[in-house]
Amino acid sequence: MIGRTFVPPRHGGRGASVIAGIGLCAFGIFGLVWGATRAFNLRGTADRQVARLDAVRAVQGARTLDLAAGAPSGLPAWFFQALGGLVLLCSPLPILGGLVIAFR
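Residues numbered from 1 in each chain as written. Predicted model: local features only at pLDDT ≥ 70, side-chain atom pairs only at ≥ 80, totals over all residues. Heavy atoms only, no water.

**With respect to the packing of helix H3 (residues 77–90) against helix H4 (residues 92–103)**
- Between H3 and H4, the shortest axis-to-axis distance is 5 Å and the interhelical angle comes to 25°. By the angle between their directions, the pair H3 and H4 is classed as roughly parallel. Side by side, H3 and H4 meet where Leu88, Leu89 and Cys90 of the first sit next to Pro92, Leu93 and Pro94 of the second.
- Classifying every residue of the contact of H3 with H4 by side-chain character gives six nonpolar, no polar and no charged. (Axes fitted to C-alpha atoms, helices over the stretch in contact; angles between N-to-C directions. Helix = DSSP H or I, 4+ residues; strand = E, 2+ residues; numbered from the N terminus. Parallel < 35°, antiparallel > 145°, perpendicular 65-115°, else oblique. Contact = heavy atoms within 4.5 Å. Nonpolar A, V, L, I, M, F, W, Y, C, P; charged D, E, K, R; others polar.)

As structure tokens, then:
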């Protein structure tokens, strides 16, 4: 056995992949909840987002004394509902990916 070195056997080593899988699964669940609240306009989230953008534009216009910046943003509530629907449809992919990574 000249020239061979002893290499100890590796133990499990799955901790990092399990943590990454659980994190990815949690990210997907967060996307699922966020997308559902925007897509179905639960508690008026899409409407509040439009109002928040309009308020931010008004404050920025007041700070810079630009009267045109105080105008409404132009993004209607259906835009945020469509964006939420897209996130809602795509969020099961990170959930499944996280489960595959964590439990393979």
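**Section: the packing of aromatic side chains**
- Tallied over the full model, the rule gives one aromatic pair.
- With a centroid separation of 5.4 Å and an interplanar angle of 80°, the aromatic rings of Phe79 and Phe80 are classed as edge-to-face.
- What makes Phe80 buried here is its relative accessible area of 7%. (Phe/Tyr/Trp six-rings, centres within 6.5 Å; stacked < 30°, edge-to-face > 60°. Buried < 20%, exposed > 50% of the residue type's maximum accessible area, 1.4 Å probe, protein only.)

**Brief notes about the packing of helix H1 (residues 15–39) against H3**
- Contact geometry of H1 with H3 gives a least axis separation of 7 Å together with a crossing angle of 150°. Between H1 and H3, the interaxial angle falls into the category roughly antiparallel. When you trace H1 past H3, the crossing you get is left-handed. Residues Gly31, Leu32, Trp34, Gly35, Ala36, Arg38 and Ala39 of H1 pack against Phe80, Gln81, Leu83, Gly84, Gly85, Val87 and Leu88 of H3.
- For the contact of H1 with H3, a count of residues per class yields eight nonpolar, five polar and one charged. (Left-handed = near helix turned anticlockwise from the far one by under 90°.)

**Focus: the side chain of Arg38**
- Turning to its location among the elements, Arg38 is positioned in helix H1.
- One polar contact links Arg38 to Gln49, side chain to side chain, over a distance of 3.0 Å. (Polar contact = N/O pair within 3.5 Å; in protein donor to acceptor, adjacent residues only side chain to side chain.)

**Thoughts on a nonpolar patch on the surface**
- Side chains of Leu75, Trp78, Phe79, Leu83 and Leu86 sit close together on the surface and give an oily, nonpolar patch of about 490 Å² of accessible area.
- On the secondary structure map, Trp78 appears in helix H3.
- A relative accessible area of 57% means that Trp78 is categorised as exposed. (Patch = residues over 30% accessible without salt bridge, like charges linked within 9 Å, V, L, I, M, F, W, Y side chains within 5 Å. Areas by Shrake-Rupley, 256 points an atom, 1.4 Å probe, with all protein chains shown as cover. Salt bridge = Lys/Arg side-chain N within 4 Å of Asp/Glu carboxyl O.)

**Here we look at H1**
- Over its 25 residues, H1 runs 36 Å from end to end, which matches the ideal 36 Å to within 8%, given 1.5 Å per residue.
- At its buried positions, H1 is contacted by helix H2 (45–64), H3 and H4.
- Phi for Asn41, located one or two positions after H1, is positive at around 55°. (Expected span 1.5 Å × (residues − 1).)

Interpretation note: all reported values are geometric properties and have no functional meaning in isolation.
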